[in-house]
Amino acid sequence: SAVISQKPSRDICQRGTSLTIQCQVDSQVTMMFWYRQQPGQSLTLIATANQGSEATYESGFVIDKFPISRPNLTFSTLTVSNMSPEDSSIYLCSVTGVGLDTQYFGPGTRLTVL
Amino acid sequence: RKEVEQDPGPFNVPEGATVAFNCTYSNSASQSFFWYRQDCRKEPKLLMSVYSSGNEDGRFTAQLNRASQYISLLIRDSKLSDSATYLCAVNSDNAGNMLTFGGGTRLMVKP
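A few points on the structure. Bear in mind that the values here come from a model prediction, so they are computed numbers and not experimental data.

This part is about the overall build of chain A. Along the backbone of chain A there are zero helices and 11 strands. The linear arrangement of helices and strands in chain A, starting from the amino end, is β-β-β-β-β-β-β-β-β-β-β. The C-alpha radius of gyration computed for chain A amounts to 13 Å, which stays within 12% of the reference 13 Å derived for 114 residues, consistent with globular compactness. With the principal axes as the frame, chain A shows a C-alpha extent of 40 × 25 × 20 Å.

See below:
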């Protein structure tokens with residue numbers, strides 16, 4: 001497996017502001033993903049973070065709202081922009097790649113928007 | 001129809017009971033299947049992969065039924081610590097990197 005960390009682990013933010021979440025892996029990975037999990041719900045894929053190019057977004061998610069960076073094979077950021085209370089959720093990064101049999105998740109960032 | 005479906009539960013069982021969950025998938029071309037466990041307020045963690053021949057890990061047995069397009073997870077001799085949400089995941093791309101998750105089945109094991 002891979003060791004994955006996320007920062008911050010939790011935050012409480014005011015509506016209209018933005019928050020950037022960081023995901024760091026202890027080894028180089030091929031794929032990095034960002035998910036959202038709202039209370040009592042399952043995982044919803046936001047986008048695939050591509051190293052050196054624009055992220056690939058799933059239906060219903062757009063770059064202006066969730067800009068993503070992936071400057072190298074071990075690090076990615078997700079920004080939640082112009083937040084509203086509906087963005088309150090847990091945001092999880094996951095990784096997969098050579099030597100990994102499936103996706104492994106970071107510990108998540110619990111976001112509350114007031 | 002959702003791509004991956006699970007009964008949300010909750011399944012309330014006494015300690016020592018045997019409990020089974022199913023997960024159906026719609027893409028007949030799917031090749032990789034997994035069960036994850038998610039504790040409250042934690043991230044999903046891989047419990048086990050599901051192989052064509054089925055696989056067993058201690059009290060946990062996973063099976064794949066390609067003809068009916070479902071996977072199953074059997075837990076024997078349930079422990080209090082088995083209480084969690086169990087998510088099935090099915091690969092959704094040819095490379096096997098993308099996963100589609102079911103909604104999860106909640107298990108509560110009671111004394």
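Secondary structure summary: chain B contains zero helices and 11 strands in total. Reading the helices (α) and strands (β) of chain B from amino to carboxyl end gives β-β-β-β-β-β-β-β-β-β-β. For the C-alpha atoms alone, the extent of chain B along its principal axes is close to 45 × 30 × 25 Å. A total of 111 residues make up chain B; the buried ones form 44% of that total. Of the accessible surface of chain B, which amounts to about 5,600 Å², a share of 46% is contributed by carbon and sulfur atoms.

Residue and element names in this part refer to chain A. Under the criterion given, the structure shown has two disulfides over all chains. The residue that forms a disulfide with Cys23 is Cys93, at a sulfur-sulfur distance of 2.0 Å. In this structure, the disulfide formed by Cys23 and Cys93 twists by about 70° around the S-S bond and is classed as right-handed. Here Cys23, found in strand β3 (residues 19–25), pairs with Cys93, found in strand β9 (residues 89–96); they are 70 residues apart in sequence, far enough to count as distant.

Once that is clear, we can look at the pattern of salt bridges. Residue and element names in this part refer to chain B. Applying the stated criterion across every chain, the model contains five salt bridges over all chains. In this structure, Asp39 and Arg37 form a salt bridge, with 2.8 Å as the shortest nitrogen-oxygen distance. Judged by its relative accessible area of 31%, Asp39 falls in the partly exposed class. The partner of Arg59 in a salt bridge is Asp82, with the nearest N and O atoms 2.8 Å apart. Here Arg59, found in the loop between β6 (55–57) and β7 (60–65), pairs with Asp82, found in the loop between β8 (70–75) and β9 (84–91); they are 23 residues apart in sequence, far enough to count as distant.

With that settled, consider the sheet that holds β8 of chain B. All names here are of chain B. One open sheet accounts for five strands, arranged β1-β3-β8-β7-β6; its pairing is antiparallel. Every interior strand has two partners, whereas the edge strands, β1 (4–6) and β6, have only one. Taking each pair of neighbouring strands and ignoring which way they run, the sheet shows an average axis angle of 20°. Pairing geometry for β6 and β7, over three bridges, is antiparallel. If you follow Asn55 over to β7, its bridge partner there is Ala62.

Further remarks concern the interface of chain A and chain B. If you look at the interface, chain A gives 20 residues, while chain B gives 15 residues. When chain A packs against chain B, the two sides together hide about 1,400 Å² of surface, and 55% of this comes from carbon and sulfur. Taken as a group, Ser42, Thr102 and Phe105 of chain A account for 29% of the area that chain A buries against chain B, more than any other trio of residues on that side. Where chain A touches chain B, the interface holds zero salt bridges. Summed over the shared surface of chain A and chain B, the number is four residue pairs in polar contact (both at pLDDT 80 or more).

This brings us to the sheet that holds β3 of chain A. Residue and element names in this part refer to chain A. If you trace the four strands from one edge of the open sheet to the other, you get β1-β3-β8-β7, paired in antiparallel fashion. Two strands close off the open sheet at either side, each with one partner strand: β1 (4–7) and β7 (68–72). For this sheet the average axis-to-axis angle between neighbouring strands, irrespective of direction, equals 15°. Note that β7 and strand β8 (residues 75–80) share three bridges and pair antiparallel. Directly across from Ile68, in β8, lies its bridge partner Leu78.

Cut-off values and rules
Residue numbers run consecutively from 1 along every chain, following the written order of its sequence. To label them, take the chains in the order written and letter them from A, then take the ligands in the order written and number them from 1. Predicted model: local features are reported for residues with pLDDT of at least 70 only, side-chain atom pairs are reported and counted for 80 or more only, and whole-chain, interface and lining totals are derived from all residues. As a rule here, side-chain values come from all non-hydrogen atoms in the structure, and water together with hydrogens is ignored. A helix here means a DSSP run of H or I that spans at least four residues, while a strand means a run of E at least two residues long, and both kinds are numbered starting from the N terminus. As defined in this context, the radius of gyration uses C-alpha atoms, and a globule is described by 2.2 Å times the residue total to the power 0.38. Partly exposed residues are those whose accessible area sits between 20% and 50% of the maximum for their type, while under 20% is buried and over 50% is exposed, using a 1.4 Å probe and protein chains only. Areas reported as accessible are Shrake-Rupley estimates using a 1.4 Å probe. Residue values count occlusion only from the protein chains shown. Count a disulfide wherever a pair of cysteine sulfur atoms falls within 2.5 Å. By definition, a salt bridge exists where a carboxyl oxygen of Asp or Glu is found within 4 Å of a side-chain nitrogen of Lys or Arg. A pair of strands counts as paired when DSSP detects no fewer than two bridges linking them. For helices, the axis comes from a line fit to the C-alpha atoms of the stretch in contact; other axes are also lines fit to C-alpha atoms, and the angle between any two N-to-C directions lies between 0 and 180 degrees. Residues are treated as being in contact if the distance between any of their heavy atoms lies within 4.5 Å. Joining two parts hides part of their accessible area as seen by a 1.4 Å probe, and the buried area is that hidden amount summed over both. Whenever two N or O atoms come within 3.5 Å, that pair is a polar contact, provided that in protein one can donate a hydrogen and the other can accept it, and provided that, for residues adjacent in sequence, both atoms are side-chain atoms.

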